[in-house]
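# Report on the structure
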Amino acid sequence: MPILCRINASDEVEGEQSVQDAAAVAAYLEQEYGVNALHVTRVVHLHDEFMWAPGLVHGGFNGDLVTEIKRAVSVPVIAVGRFTEPQYAELLVKQGRADLIAFGRQSIADPDLPNKALNGQLESLAPLMK
C-alpha cells in the first residue's frame, strides 16, 4: 500500500520552519520511512493568506517551495496551493518542478476541469469566486 505524506513547505514565520528545513524532513521521510510520495502545502495560521488563498494570492503560490522539496527527494511530489489554471500546473510538471498538481476548489467550482483542459476548452472553465 502506498504511503503518502502531506508536509508543510514553510511556516513563513521568522525562526520557524523554512523550505530548507522542509526539504530535510522530506528526504528523511523518504529515506527512513519509505514514503512513496509527498503532498506539499504551505500553511500557517499566522498567515491565513496562504491557508485560505483568496483571489489576491496568485494561483500556484506554492510552486517555488515545491520545487525546493522536489530537488531533495526522488519520490513523486504533489503540489497544492490555489492552482486554478491548468496551463500553469502543466508547466510545473513539464519543468520537473512537481510530479502532480492537486486541484481543490477549482475542481469544486468546475468538476469538468480535467476534460475541459484535455479538450482545449480552457475559456469555458467556471471561475472561482474572489
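Given the structure is predicted, the values throughout are model-derived calculations rather than measurements.

### A word on the sheet that holds strand E3 (residues 77-79)
Consider a sheet: its strands pair through backbone hydrogen bonds, and that pairing is either parallel or antiparallel. With respect to topology, four strands assemble into an open sheet ordered E1-E2-E3-E4, the strand pairing being parallel. Among the strands making up the open sheet, the edge pair consists of strand E1 (4-8) and strand E4 (100-101). The sheet contact formed by strand E2 (residues 37-41) and E3 spans three bridges and is parallel. If you follow His 39 over to E3, its bridge partner there is Ile 78.

### Examining helix H4 (residues 86-94)
Of all the positions in H4, only Pro 86, Ala 89 and Leu 92 are classed as buried. All buried residues of H4 lie within an arc of 120° about the axis, which places them on one face of the element. The inward-facing, buried residues of H4 contact helix H3 (63-72), E4 and helix H6 (113-118). Once H4 ends, the next one or two residues include Gly 96, with phi positive near 80°.

### Here we look at H3
Listing the buried residues of H3 in full gives Gly 63, Leu 65, Val 66, Thr 67, Ile 69 and Lys 70. The secondary structure elements touched by the buried residues of H3 are E1, helix H1 (19-33), E2, E3 and H4.

### Focus: the pattern of salt bridges
Per the counting criterion, the structure on display carries five salt bridges. Residues Glu 68 and Arg 71 are paired through a salt bridge, measuring 2.5 Å at the closest nitrogen-oxygen approach. With Glu 68 and Arg 71 both in helix H3 and three residues apart, this pair spans about one turn of that helix. With a closest N to O distance of 2.7 Å, Asp 110 and Lys 116 form a salt bridge.

Each value, and the rule that gives it
Residues numbered from 1 in each chain as written. Predicted model: local features only at pLDDT ≥ 70, side-chain atom pairs only at ≥ 80, totals over all residues. Heavy atoms only, no water. Pairing = 2+ DSSP bridges. Helix = DSSP H or I, 4+ residues; strand = E, 2+ residues; numbered from the N terminus. Buried < 20%, exposed > 50% of the residue type's maximum accessible area, 1.4 Å probe, protein only. Arc of directions from axis to C-beta. Contact = heavy atoms within 4.5 Å. Salt bridge = Lys/Arg side-chain N within 4 Å of Asp/Glu carboxyl O.

Any functional reading would require information that these geometric values do not contain.
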